[in-house]
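# Notes for the structure review
Now for the letters of each chain:
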Amino acid sequence: MLRGKTVALCVTGGIAAYKAADLTSKLRGAGADVRVLMTESATQFISPITFETLSGNRAVVDTFDRDFAWEVEHISLAKAADVFVIAPATANIIAKAAHGIADDMVSTTLLATRAPVVVAPAMNTGMYDNPVTQQNLETLRERGFHIVEPASGRLACGDEGRGKLADTAALLCGIEAALTAQDLAGLNVLVTAGPTREALDPVRFLSNHSTGKMGYAIAARAAMRGARVTLVSGPTALETPKGICRVDVVSACEMRDAVVSRAEQQDIIIKAAAVGDYRPAETASEKLKKRADDMAVSLVRNPDILQELGRKKRVGQLLCGFAMETQNLLANAEEKLRNKNCDMLVANSLREPGAGFAHDTNAATLLFADGRRETAPLMRKDELADLILSRLLALLRSGR
Ligand code: CTP
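Quick caveat: nothing in here was measured; it's all calculated off a predicted structure.

What follows concerns the side chain of Q317. On the secondary structure map, Q317 appears in the loop between helix 12 (305-312) and strand 16 (318-325). A distance of 2.8 Å separates a polar side-chain atom of Q317 from the backbone oxygen of A263.

Below is the structure:
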């Protein structure tokens, strides 16, 4: 996403200015061309040489730089940048940006650009909470600026509260979101991910090899594209993607309740979870002790969540299922698409190298209710997630 993008990073004068060095390095590492602009006060906290070394580009400081054609350069940067980032953003630059004040290199360039702008405030809590700062931030929000909220904690001045610059991962996420078309804005999307666990006794369970990576990638991309995302997740080792509401469940029955109770308000439901089809007829309350040489466990069917959703699907709602097969991929997938009343089904084969559980890549065939099929070759799971979301959005827009 950041590869080949020109990022204009405006560093303003606060103690968090040194953290912009890490951001510069991560942005460059991700393939972005980083152009740093600094206010004069920022240079009191960190040297332009740091940014020049990390970005490989000259850092621009003020409007009276004699050996630099700033008057041309700042306008051309305003035009060339794919995204502007103000990190850290002081109360001063936020006030200037909100009111169109242009009195130095950073504020003039900002006023001239049409690129999306990401603002990451960092300041003393009192300044941040001051209604005037909050009002200025609201003005920027209304004008389409992307605000990356500061974190809370102990601030450099010794106060406790809101005002710490968001961490680099959150800043990168905000920058990616600003570069991403918000084509899912206003939509409610529910994604299920991961395995389920069916307890045999307090120490053992039946489960499968799902890691949740595909479902998490879909949830992350949907949120990045502006959707309100609920992720109903079985047990996984994955971090919750930024900006989503995660509901943790363990068993198929718990997943069913969590999904069905939230289904009505969803525009799109994507069932990427590997749900256990059976559970032990009884769960022992104490650890099962070994006695005989063999042992039989009686299993009972779990609810088929997708089938229930398919039965209850409301007009205008889209349902996307997954099928993981080891043989007869397309025939089995087609049957699931029909039986479960899905609008789209993503079929992946465990036999395909690089696809399926635990990989960061996947290959799939997308099957549509109208009989169309589309082959998605091996790609990163986040790319496949985008493709799935784009196809669902197209179905939603066409009224199916
Ligand atoms: N699914 C579900 N509830 C279940 C089983 C599956 O919601 N109890 C959903 C999965 O999340 C997936 C789709 O149904 O989106 C297909 O799952 P899969 O395990 O491939 O197929 P099954 O329907 O379980 O059929 P089979 O095990 O016979 O292949």
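Now for the packing of aromatic side chains. Here the distance between the centres and the angle between the planes together describe a pair of aromatic rings. Under the defined criterion, the tally for this structure stands at zero aromatic pairs. Above the face of the F368 ring, R372 is positioned so that its terminal group lies 4.2 Å from the ring centre.

A separate point is unusual backbone geometry. Cis geometry marks the peptide bond from A87 to P88; its omega dihedral reads -5 degrees. Position of P88 among the secondary structure elements: in strand 3 (residues 83-89). Positioned with a positive phi, N328 is a non-glycine residue whose angle comes to about 45 degrees. On the secondary structure map, N328 appears in the loop between strand 16 and helix 13 (329-339). On the basis of relative accessible area, N328 is assigned to the exposed category, the value being 55%. The backbone phi angle of N341 is positive, close to 55 degrees, even though this residue is not glycine. With respect to the helices, strands and loops of the structure, N341 is situated in the loop between helix 13 and strand 17 (344-349). Owing to a relative accessible area of 38%, N341 belongs among the partly exposed residues under this scheme.

Let's shift gears to the domain arrangement of the protein chain. Segmenting the protein chain into domains produces domain 1 (6-179) and domain 2 (188-398). Relative to domain 2, the C-alpha centre of domain 1 lies at a distance of 40 Å.

Helix length check: helix 9 (residues 168-179) (twelve residues) gives 17 Å between terminal C-alpha atoms against 16 Å at 1.5 Å per residue, within 8%. Looking only at helix 9, the buried set comprises T168, A170, L171, L172, G174, I175, A177, A178 and L179. Against helix 1 (19-29), strand 3, strand 4 (117-121), strand 5 (146-147) and helix 10 (213-224) lie the buried residues of helix 9.

Attention shifts here to the environment of L366. Counting through the fold element by element, L366 comes out in strand 18 (residues 361-368). Put simply, L366 and A347 are 19 residues apart on the chain and 6.3 Å apart in space, counted from C-alpha to C-alpha. Filtering out sequence-adjacent residues up to four positions away, L366 remains in contact with M344, L345, V346, R372, R373, E374, L387, I388 and R391.

Now for the site of the ligand. Near the ligand, the surroundings consist of 14 residues, among which K271, A273, F322, K336 and K340 are the closest. Between the ligand and D277 there is a distance of 2.9 Å, counted from an oxygen atom to a side-chain nitrogen or oxygen. In this structure, a nitrogen atom belonging to the ligand sits 2.9 Å away from a main-chain N or O atom of P303. In this structure, the ligand is accommodated by the second largest pocket. For the shell around the ligand, the secondary structure elements donating two or more residues are helix 12 and strand 16. Considered class by class, the residues forming the shell around the ligand number eight nonpolar, one polar and five charged.

Ranked by size, the top nonpolar core spans 37 residues in total, and within it I218, I270, I388 and L392 carry the most contacts. Core analysis: the next-biggest nonpolar cluster, separate from the first, contains 34 residues, V36, M38, L171 and A178 among them.

Linking two cysteines covalently via their sulfur atoms produces the bond known as a disulfide. Enumeration over the complete set of coordinates arrives at zero disulfides. For C173, which is in no disulfide, the shortest distance to another cysteine sulfur is to C245 and amounts to 16 Å.

Glancing now at the sheet that holds strand 4. Taken in spatial order, the five strands make up an open sheet running 2-1-3-4-5, and their pairing is parallel. Only two strands of the sheet have a single neighbouring strand rather than two, namely strand 2 (33-38) and strand 5. By the bridge criterion, four bridges tie strand 3 to strand 4 in an arrangement that is parallel. Looking at strand 4, one finds that I86 is bridged to V119.

Rules of the game
Just so you know, the residues in each chain are numbered from 1, in the order the chain's sequence is written. Local features in this predicted model are restricted to residues whose pLDDT is 70 or higher, and side-chain atom pairs enter the listing and the counts only when it is 80 or higher, whereas totals over whole chains, interfaces and linings include all residues. Only hydrogens and water are set aside when side-chain values are computed; all heavy atoms of the structure are taken into account. Each helix is a run of DSSP H or I of at least 4 residues and each strand a run of E of at least 2, with the numbering of both proceeding from the N terminus. What qualifies as a polar contact is a pair of N or O atoms within 3.5 Å, subject to a donor-acceptor requirement within protein and to the restriction that residues adjacent in sequence count only when both atoms come from side chains. Put simply, two rings from Phe, Tyr or Trp (the six-membered ring, in Trp's case) pair if the centres are within 6.5 Å, and we call them stacked under 30 degrees between planes, edge-to-face over 60, tilted for the rest. Criterion for a charge above a ring: Lys NZ or Arg CZ within 6 Å of the ring centre, and within 35 degrees of the ring normal. Between buried and exposed lies partly exposed: a residue is buried under 20% and exposed over 50% of the maximum accessible area for its type, with that area taken using a 1.4 Å probe on protein chains only. Segment limits for the domains were obtained from an automatic or database-derived domain assignment. Multiply 1.5 Å by the residue count of a helix minus one, and that product is the helix's expected span. Any two residues whose heavy atoms approach within 4.5 Å at even a single point are treated as in contact. The near set for a molecule or strand comprises every residue that places at least one heavy atom within 4 Å of it. Definitions used throughout: a 1 Å grid over protein atoms alone; a cavity as a set of points that fits a 1.4 Å probe which cannot get out; a pocket as an open set with protein on both sides within 12 Å along at least five of seven lines; a lining residue as one with an atom within 4 Å of a point. Cavities and pockets are treated as containing a molecule whenever more than half of the molecule's atoms lie within 2 Å of their grid points. As a working rule, the residues Ala, Val, Leu, Ile, Met, Phe, Trp, Tyr, Cys and Pro are called nonpolar, Asp, Glu, Lys and Arg charged, and the rest polar, with Gly in that last group. Side-chain atoms within 4.5 Å link the members of a nonpolar core, which is a set of buried Ala, Val, Leu, Ile, Met, Phe, Trp, Tyr and Cys residues. In plain terms, two cysteine sulfur atoms within 2.5 Å form what is called a disulfide here. When DSSP finds two or more bridges between a pair of strands, those strands are recorded as paired.

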